[in-house]
Amino acid sequence: MTRAQKIEEKFFKLLMIIATYFILAILAIIIYSIFEKGLKSISWEMLTQVPHGGYYYGKGGGILNAILGSLSLAFGATVLAFIIGMPVALYLNVFLIRHKRVVSVIRFLLDLVWGIPSIVYGAFGFSLMIFFGLQTSLLAGILTVTLFILPIMIRSMDEILCTVPIGLQEAAYSLGSNKSEIAFKIFTRQSFSGIITAVLLSFGRGIGDAAAVLFTAGYTDHLPNGLLEPVATLPLSIFFQLSSPVPEVQNRAYASALVLTLIILIVSLFSRGLGKRYHKTKINF
Amino acid sequence: MDQDTKIEIRDLNVFAGKTQILKNVNIEIPKNKITVILGPSGCGKTTLLKCLNRLTDLYPELKVSGRIMIDDNNILEAKEDIYKLRQQMGLLSQRPYPLPMTIYNNIAYALKLRGIRNRRETHKLVMHYLQQANLWDEIRTRLREPASRLSIGQQQRLCLARGLAVNPEIILADEPTSALDPISSQFIEETFGRLRNDYTIVLVTHVLRQAKRIADNVVFMYLGEVIEQGSVEEVFGNPKMEKTKLYLGGTFN
Amino acid sequence: MYLLNRAQRHTVNTTWMIISLLLVAFLPFLLFIGLYLKSVLLLHDYSLGDLIFSKIWKPSAGKFGFYPFIVGSIWVTVVAMMITAPVCLLTAIYVTQYTKKFFLRIMHPAIDILAGIPSVVYGLWGILVIVPFISRYLGPWLGVKTMGYSILAASFVLSIMIIPFVLNILIEIFRSIPTELKEAALSLGATQWQTIKHVLVKKALPGIIAAFGFGLARAFGETMAVLMVVGNVVRLPKSVFDPGYTLPALIANNYGEMLSIPKYDSALMFAALLLLAVSLFFNLVMHFFIVRYNKY
């Protein structure tokens, strides 16, 4: 190795180390600044009350409306996306197993849909809403977020389902099961932990996104009370509080951001933990 | 060291975590002969080969101890000149791995690493090594195509040519024909036959017939240990150890 | 115990699967048609070229020039990629080639957390940290007057947001390269760096380009975080320290008045259609790029 080569390698290795620790440092800074700012202004009142009169000028109240709103919206969308997404993932891996080309075309379409920005879903949801004469509501929000998380749900389930060994399918077929039984009994059990992970991942995406619900879910200071009523969401409450000129309200935005971040961190921790625990019925090859 | 010995392996032990892959291996590999390392799969043959050109460095979990002397240098102690050291040996692996370049550049890259930058000389040598590997006539018009377009047998011969292009004294081959069709295998074996007087060839295989056909010397390994070594006539004709007899008789694989 | 017999259950399940599948498969087309139908009003009155290249945006006067927004989006995206691309490439090489396996076990959760943080929180972090940093330190230090809310702030926040996405793809690509290829290069006497530079990166190049392409498409449509720090001023930015406006921010900021100004809703839907077209186009191109992956 010549001297120049050695210097070149050292130089690039240094750059690599800098890049890697840059990413880790940024993550640390983000987490630190969210916690530092948020912990200062978070209070029990914020978590348990809805905004009172004058909340947006710094008077009392909390963001319970947004917390519950976000949870119900993300929950509804996840359930709906699961009902539509799960059979698609199963169909791809059980029924179309011999049609590799069809499967790859569908996977490609799903990847395309995955890449579409959430604001486009928001705009599309809005135009649907107008078309059907709906108001901004929990239902419209759920429908829009469902479309948005559907590809995420299907593709992450698909990744798990396509690892189910062919031998297991053969064994089930030889017992006389038909395809839908194999799909809903064998595949779902074998991939249970992966399916949970996919669901939680989609939930996390659904709860964190603002652009898709901006047009469709509306905003309200009341607790969610019905599918056809507007509903508040955490990302939007952060956004609105942050645009206020009143410092107290801005501080509450930091606290709200902390709440949202915590929810998402807990969900992702859960998905790791649950994934490990539900290995019981899984057969390892 | 014996005058005709090229590589001398003494007390070589390799651990991967707590499992011992090679146990007290002592082998002498004679110069300009074909030495075949024989044994069932999982007996540590490939690891032994990787020790010889220090590719074990790539696997931080492997602990290597002992001595491997090549021309009186212990290569396990080499630090700075490890790149030079690897150039003393051409490697041929189980499946061909052409570099992501054209056919021509696969050889030219090896020449460049050897320090040859003159274009005319490069050109001459590319042709020379492709001829040596028995490939030139088939691909002389396709030199600028990506190497991946060659058939797998041609790719393996390209890899052999590339291995020769670093101007090695030793050729290490790890079951080089196991992924090939019979005709390509024959090509490779023939090439080895022609190279045997100029290079020290270490060939790992589990195919008995192949060993019989081309070996000068045979080392029989089982579960990380050297069971028996000697000339092909000794080992095949008159095996001393029970395990060797069983293996040659086809009792275990 | 069951309402239906076995054969009936099979029929119900299969139908359910096929209906869902059709819905999903037609989703991109549905989106496209839906948005097109809404923006057709605008396309009827203005030519596509006018809309894209006109610089004047005065919806109340019936002037819809998307040029400033398109340029703003391109600026933000390109500058973001200029940060993301080298950082991700270097990191991916480092964690797959130089570090031990346990390091990846630290990196993976870190990447997951970065990927999970919501857009709004990134925006908030941008306002808290990046914007003041630019206006108080970076700007004065470089002798530029800036409010901090700028193309650069948006690009930086955006670059962090797409790092987990691009980095995950790159790590997968480098891990999928067989060790034997590395061994082949090393056995020729190449150093580790030469192996990376001449062989691994070359082998991975189509994948690397595709990863950057996917990242670019993702960055182009990102809304909330960019909206919060980009400044939202309709004019052509002259430097990265100027504020700008992006297409997604345009849609998100103005949906409230959408129905009160004529053709405004149509204009915003056209912006969404543009975003959709860019996203589909990039993803398509990159997909076919990957199909040609194994040229060598």
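Because the structure is a prediction, the values reported are computed rather than measured.

The rules we used
- As a convention, each chain's residues are numbered from 1 in the sequence order in which they are written.
- All chains are assigned letters beginning at A, and all ligands numbers beginning at 1, according to the order in which they are written.
- Local features are withheld for residues below a pLDDT of 70 in this predicted model, meaning they are given only at 70 or higher, and side-chain atom pairs are given and counted only at 80 or more; totals for whole chains, interfaces and linings count all residues.
- Water and hydrogen atoms were dropped before computing side-chain values, which therefore reflect all heavy atoms in the structure.
- Note on conventions: DSSP H or I runs of at least 4 residues are helices, E runs of at least 2 residues are strands, and numbering of each starts at the N terminus.
- The rule is simple: take the accessible area with a 1.4 Å probe, protein chains only, and divide by the maximum for that residue type; under 20% is buried, over 50% is exposed, in between is partly exposed.
- It only takes one pair of heavy atoms within 4.5 Å for two residues to be counted as in contact.
- Neither His nor the chain termini are counted; the positive set is Lys and Arg, and the negative set is Asp and Glu.
- Every charge is mapped onto a representative atom, which is NZ of Lys, CZ of Arg, CG of Asp or CD of Glu.
- For the purposes of this analysis, a disulfide is any pair of cysteine sulfur atoms at a distance within 2.5 Å.
- The nonpolar core is taken to be a set of buried Ala, Val, Leu, Ile, Met, Phe, Trp, Tyr and Cys residues, with the residues joined through side-chain atoms within 4.5 Å.
- Stacked, tilted and edge-to-face are the three classes assigned to paired rings of Phe, Tyr and Trp, where Trp is represented by its six-membered ring and a pair needs centres within 6.5 Å; plane angles under 30 degrees give stacked, over 60 edge-to-face, the rest tilted.
- Should the NZ of a Lys or the CZ of an Arg lie within 6 Å of a ring centre and within 35 degrees of the ring normal, that charge is described as sitting over the ring.
- Excluding any residue in a salt bridge, patches collect residues exceeding 30% relative accessible area, merging like charges within 9 Å and nonpolar Val, Leu, Ile, Met, Phe, Trp and Tyr side chains within 5 Å.
- The Shrake-Rupley method, run with a 1.4 Å probe sphere, supplies the accessible areas, and residue values consider only the shown protein chains as cover.
- Each reported salt bridge corresponds to a side-chain nitrogen of Lys or Arg within 4 Å of a carboxyl oxygen of Asp or Glu.
- For any pair of parts, buried area is found by adding up, for both, the accessible area (1.4 Å probe) each one loses once the two are put together.
- Definition of a polar contact: a pair of N or O atoms within 3.5 Å, with one able to donate and the other able to accept a hydrogen when the atoms are protein atoms, and with sequence-neighbouring residues admitted only if both atoms are side-chain atoms.
- Three residue categories are used. Nonpolar comprises Ala, Val, Leu, Ile, Met, Phe, Trp, Tyr, Cys and Pro, charged comprises Asp, Glu, Lys and Arg, and polar comprises the others, including Gly.
- Each domain's limits were defined by an automated method or a database of domain assignments.

Caption draft 1: How the structure looks around the overall build of chain C. For chain C, the count of helices and strands is twelve helices and two strands. Over its C-alpha atoms, taken along the principal directions, chain C stretches across nearly 75 × 70 × 40 Å. Burial status across chain C gives 56% buried among its 296 residues. Restricting to contacts in chain C with at least 6 residues of sequence separation, those with at least 24 account for 73%. Taken together, the 22 basic and 10 acidic charged side chains of chain C have centroids lying 6 Å from each other.

Caption draft 2: Here's a closer look at the state of the cysteines. Residues and elements named next belong to chain B. One pass over the structure, following the stated rule, counts zero disulfides over all chains. Cys51 carries a free sulfur, and the closest cysteine sulfur to it, the one in Cys43, is 13 Å from it. You can call Cys51 buried: its relative accessible area is 0%.

Caption draft 3: Inspection of the nonpolar core at higher detail. One finds Leu130(B), Phe192(B), Phe66(C) and Leu124(C) to be the most contacted residues of the largest nonpolar core, which totals 244 residues. If one sorts the elements of this core by residue count, helix α7 (residues 151–176) of chain C sits on top with 17 residues. With residues up to four places along the chain from it excluded, the contact list for Phe66(C) reads Leu42(C), Leu51(C), Ile52(C), Ser54(C), Trp57(C), Leu247(C), Leu250(C), Ala267(C), Phe270(C) and Ala271(C). Residues Ile29(B), Cys43(B), Ile75(B) and Leu186(C) belong to the second largest nonpolar core, which totals 30 residues.

Caption draft 4: Seen up close, the packing of aromatic side chains. Counting across every chain of the model gives 28 aromatic pairs over all chains. The interplanar angle of 65 degrees and the centroid separation of 6.2 Å between the aromatic rings of Tyr21(A) and Phe103(C) together place this pair among those described as edge-to-face. Taken together, the positions of Tyr21(A) in helix α1 (residues 3–41) and Phe103(C) in helix α5 (residues 101–116) put the pair across two chains. Centre to centre, the rings of Tyr94(C) and Tyr98(C) are 6.3 Å apart; their planes meet at 20 degrees, and the pair counts as stacked. Here Tyr94(C) pairs with Tyr98(C), and both are found in helix α4 (residues 67–98), just four residues apart, close to one helical turn. Each of the two residues, Tyr94(C) as well as Tyr98(C), counts as buried. Here the aromatic residues Tyr46(C), Trp57(C), Phe64(C), Phe66(C), Phe69(C), Tyr245(C), Tyr264(C) and Phe270(C) are joined through ring pairs into a cluster of three or more. One residue, Arg144(B), lies across the ring of Tyr104(B), its end atom 4.3 Å from the ring centre. Lying across the ring of Phe165(C), Arg218(C) places its NZ or CZ 4.2 Å from the centre.

Caption draft 5: Quick peek at unusual backbone geometry. All names here are of chain B. One non-glycine residue, Arg54, lies in the positive phi region at around 60 degrees. Since its relative accessible area comes to 11%, Arg54 is described here as buried. Residues other than glycine seldom take positive phi values, yet Asn134 does so here, at roughly 70 degrees. Along the chain, Asn134 turns up in the loop between α4 (119–132) and α5 (136–139). Overall, the relative accessible area of 23% leaves Asn134 in the partly exposed class.

Caption draft 6: Structural context of a nonpolar patch on the surface. All names here are of chain C. Among the surface-exposed residues, Ile18, Leu22, Leu23, Phe26, Phe29, Leu30, Phe32, Ile33, Tyr36, Leu37, Val40 and Leu41 lie close enough to one another that they form a single nonpolar patch of about 1100 Å² accessible area. Of all the elements in the fold, those that place two or more residues in the nonpolar patch are α1 (6–25) and α2 (27–45). No other element matches α2, which puts eight residues into the nonpolar patch. Mapped onto the elements, Leu22 comes out in helix α1.

Caption draft 7: Highlighting the interface of chain C and chain A. Taken together, the contact between chain C and chain A spans 78 residues of the former and 80 residues of the latter. Between chain C and chain A, a total of about 7100 Å² is buried, with carbon and sulfur atoms accounting for 81% of that surface. Taken together, chain C and chain A are joined by one salt bridge. The residue Lys197(C) makes a salt bridge to Glu8(A) at a minimum N-O spacing of 2.7 Å. If you look at where chain C meets chain A, you find nine residue pairs in polar contact (both at pLDDT 80 or more). Among the elements that take part in the side of chain C that touches chain A, α1(C) stands out by supplying 13 residues, more than any other. In the side of chain C that touches chain A, the residues fall into 56 nonpolar, 16 polar and six charged.

Caption draft 8: Structural context of the domain arrangement of chain A. All names here are of chain A. One can read the domain layout of chain A as domain 1 (3–41) and domain 2 (55–277). The C-alpha-based centres of domain 1 and domain 2 are spaced at 31 Å. Each partner contributes to the interface: domain 1 provides six residues, whereas domain 2 provides seven residues. A combined buried area of about 610 Å² lies between domain 1 and domain 2, and 84% of that area is made up of carbon and sulfur atoms. For the domain 1 face of the interface with domain 2, the top three residues by lost area are Ile34, Phe35 and Ser41, together amounting to 60%. Across the domain 1-domain 2 interface, the total number found is zero salt bridges. Taken together, domain 1 and domain 2 are joined by one residue pair in polar contact (both at pLDDT 80 or more). For the side of domain 1 that touches domain 2, the class distribution of residues is three nonpolar, two polar and one charged.

Caption draft 9: Focus on the pattern of salt bridges. Tallied over the entire structure, the rule returns 19 salt bridges over all chains. Two residues, Lys263(C) and Asp45(C), come together in a salt bridge whose shortest N-O distance is 2.9 Å. Taken together, the residues Lys263(C) in the loop between α11 (247–254) and α12 (264–291) and Asp45(C) in helix α2 connect sequence positions 218 residues apart. On the basis of relative accessibility, which here comes to 41%, the residue Asp45(C) falls in the partly exposed class. Taken together, the salt bridges that share partners define one network made up of Arg107(A), Asp111(A), Arg155(A), Asp158(A) and Glu159(A).

Caption draft 10: Up close: the side chain of Thr261(A). Looking at where Thr261(A) falls in the secondary structure, it is placed in helix α12 (residues 247–277). You can call Thr261(A) buried: its relative accessible area is 5%. Contacts of Thr261(A), omitting those with residues within four sequence positions, involve Ile34(A) and Val121(C).

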